[in-house]
Amino acid sequence: MDFQRCLLNVGNALCEDEVKSLAFLCTDLLGRNPTIVESASDLFLRLAYQDHLSAERPHLLTELLLIIQRTRLIRELELPELSAATRSLISPYRKLLYDLSEGITVGDLKHVKFLLNNKLPRRKLEDNISTLEVFLEMEHMDLIRDTNLDLLETIIQSVCPMLNEKINHFKALQLTHTSPGAQETGRPRSMSCPFKPNQAPRSLDPERTASLEIPGEELNSLTESTMNTSNTSMDLPNGFNGGDECEALSHGLSGLNTETSSCASLEGQSQENNKASSEEHTNVEGLGTYPMTSAKRGICLIVNNYNFTIQALKKREGTMRDEECLHKVFTWLGFEVEIQRDCKREKMLSVLRELGSRPIHSQMDCLVCCILSHGIEGAVYSVEGHTVKIKELMEPVNGFKCPSLAEKPKLFFIQACQGNNEQRAVYIESDGHPVFSDAIQANESIPSDADFLLGMATVPSFVSFRERKHGTWFIQSLCQNLVQMVPRGSDLVSILTKVNADVSQKTDSTGVKKQMPQPAFSLRKKVVFPIPQASPPSLSH
């Protein structure tokens, strides 16, 4: 039978609740909120688009129908049986939640909602909300995850204690068969992609699901070569020797411009590789991860001030390169990117106020705001030369002013000077300005509310640097490291630490280090972006 017709027949045979169950089981595969799936056909199209389901790879359909116990449909449509060697695409954790939902009656569900009355929003406890939707909301609020089922276990014990046997069975399997690295991010082990410390991703093609290894000696040699040559040449237009513009960020960023060897499939990864990946994820015991399961990751606002109307603040040549790279990277990460250029003070503030007033954040995981401008300590400049405190920009989206972003990460990246101390180098232009006496204290830029991260291009009192053609050191390193480290499952603070290390190596033609970024945060959990299904963007110019 034609596979498309087969899918149509399956869709016609399933009731609405069964379609919702299949969408829930596929949450990890789609990387989005399953409630947006409108029909069986919609679900199958999404799975096909992600290369999980096709005539050549029909086994996921068989697995899904087996889980919801539609075995007769499998036989009637002559779908292929699953062998012992067939890799399961549905995580044990997702199967557990489905099994529990099947064992919870309508009366039991009322008791579950009653016990969750003070933990979930009231609209998520209404009569029309199903058990799976309750579980999904608990995941969104990080009340449950595959490595922490304590609350669920307590509720099940009170409502239907016989179901706790399923949870105990899952825990036993988890201890013996599941790598901690895969557990923490909520993905089945078969979908995680472990990397050795010296590995770098080349492609995110889900069909290949491969990692690329750079032998340690070769990487060390490349790094040493990069470090040694970065201080020896000063005759290129941007003051550095060699390297693609955005791809390598010029010499001095060790480890970003590397060669890769041939691919090795995920199925062939050794236990040692899995152990290395696990250690990367579990180095801080008991530290949770912000949920990243919504249909859209969130809004990414880019405020890009280039052309200033006062003579003292020059045009920020190279900032469009930063904007381009940020747009590519955050779109790849699943964000809806919005750009505002050349904003006056009131425009900058009104844009943030409007952003904080949107109810749509309740359907998203987090918020990103990138400010590209001239600046002084604790503030940035609007195009007419007025200062805007960073604290003023952050306040409209805090948990009090914007309840839909409460307990969700709010990530600010500020590319601007934080003072006037600088050592100018040939071919490098600083994001500085003539000396002003109204410097603002640094502590005003540190977020006081929970769940904020503030990534500053430089430490207080110093300038940040920008190349006219290549963009700023900080933003380019941020984009490059997001592309390289998100596929490894690295959390955002670790990525920013790598940005610190890379930018600290950037030098002018004399070999003097010029810039040191500084993150400040009030995060309560780790920020780990889901690995995008699409190939990473090319950042070469």
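Everything below is about the structure printed above this text.
Since this is a predicted model, take the numbers as computed values, not measurements. Numbering of residues starts from 1 in every chain and runs along the sequence as written. Owing to the predicted nature of the model, reporting of local features is limited to residues with pLDDT of at least 70; listing and counting of side-chain atom pairs is limited to 80 or more, with chain, interface and lining totals taken over all residues. In computing side-chain properties, one takes all heavy atoms of the structure into account and sets aside hydrogens as well as water.

Novice: In this structure, what is going on with the environment of Ile 74? I would like to understand it.
Specialist: Numbered from the N terminus, helices here are DSSP runs of H or I no shorter than four residues, and strands are runs of E no shorter than two. Here Ile 74 lies in helix H6 (residues 71-76). Each C-alpha atom of the pair Ile 74 and Val 10 lies 9.1 Å from the other, and the pair is 64 residues apart in sequence. Residue contacts follow a heavy-atom distance rule, with two residues in contact if any of their heavy atoms lie within 4.5 Å. In this structure, Ile 74 is in contact with Thr 62, Leu 65, Leu 66 and Leu 79, ignoring residues within four places of it in sequence.

Novice: Please explain the nonpolar core as it appears in this structure.
Specialist: Generally speaking, a soluble globular protein has its nonpolar side chains buried in company with each other. Ranked by size, the top nonpolar core spans 58 residues in total, and within it Leu 47, Leu 61, Leu 65 and Leu 152 carry the most contacts. Those residues in contact with Leu 61 that sit more than four places away from it in its chain are Phe 3, Cys 6, Leu 7, Val 10, Phe 44, Leu 53 and Leu 79. Within this scheme, the nonpolar core is defined by two criteria: the residues are buried Ala, Val, Leu, Ile, Met, Phe, Trp, Tyr or Cys, and they are joined through side-chain atoms within 4.5 Å. Exposure classes here rest on a 1.4 Å probe applied to the protein chains alone. A residue is buried below 20% of its type maximum, exposed above 50%, and partly exposed in between.

Novice: Teacher, can you tell me more about the sheet that holds strand E8 (residues 387-389) here?
Specialist: Strands belonging to one sheet form pairs held by backbone hydrogen bonds; the direction of such a pair is parallel or antiparallel. The strand order across the open sheet formed by 3 strands is E6-E7-E8, and the pairing between neighbours is antiparallel. Of all the strands in the sheet, just strand E6 (375-376) and E8 have a single pairing partner and so form its edges. Only when DSSP finds a minimum of two bridges between them are two strands counted as paired. Taken together, the 3 bridges between strand E7 (residues 379-381) and E8 define a ladder with antiparallel strand orientation. Residue pairing for E8: Tyr 381 is matched across the bridge by Thr 387. The axes used here are C-alpha line fits, helices contributing only the stretch in contact, and every angle between their N-to-C directions lies in the interval 0 to 180 degrees. Across the sheet, helix H17 (residues 345-356) touches E7 and E8, and the angle it forms with E8 is around 25°.

Novice: Teacher, can you tell me more about the packing of helix H19 (residues 473-485) against helix H20 (residues 492-504) here?
Specialist: The description of two helices packed together rests on the angle between their axes and the distance between the axes. Running from N to C, H19 and H20 cross one another at 130°; their axes reach a closest spacing of 9 Å. It follows that H19 is oblique to H20 by the angle criterion. Every pair of crossing elements has a handedness; the one defined by H19 and H20 is right-handed. Along the contact surface, H19 presents Trp 473, Phe 474, Ser 477, Leu 478, Asn 481, Leu 482 and Met 485, while H20 presents Leu 492, Ser 494, Ile 495, Leu 496, Lys 498, Val 499, Asp 502 and Val 503. For classification purposes, an angle smaller than 35 degrees is called roughly parallel, one larger than 145 roughly antiparallel, one from 65 to 115 roughly perpendicular, and anything else oblique. Each crossing gets its handedness from the near helix: less than a right angle anticlockwise from the far helix is left-handed, clockwise is right-handed.

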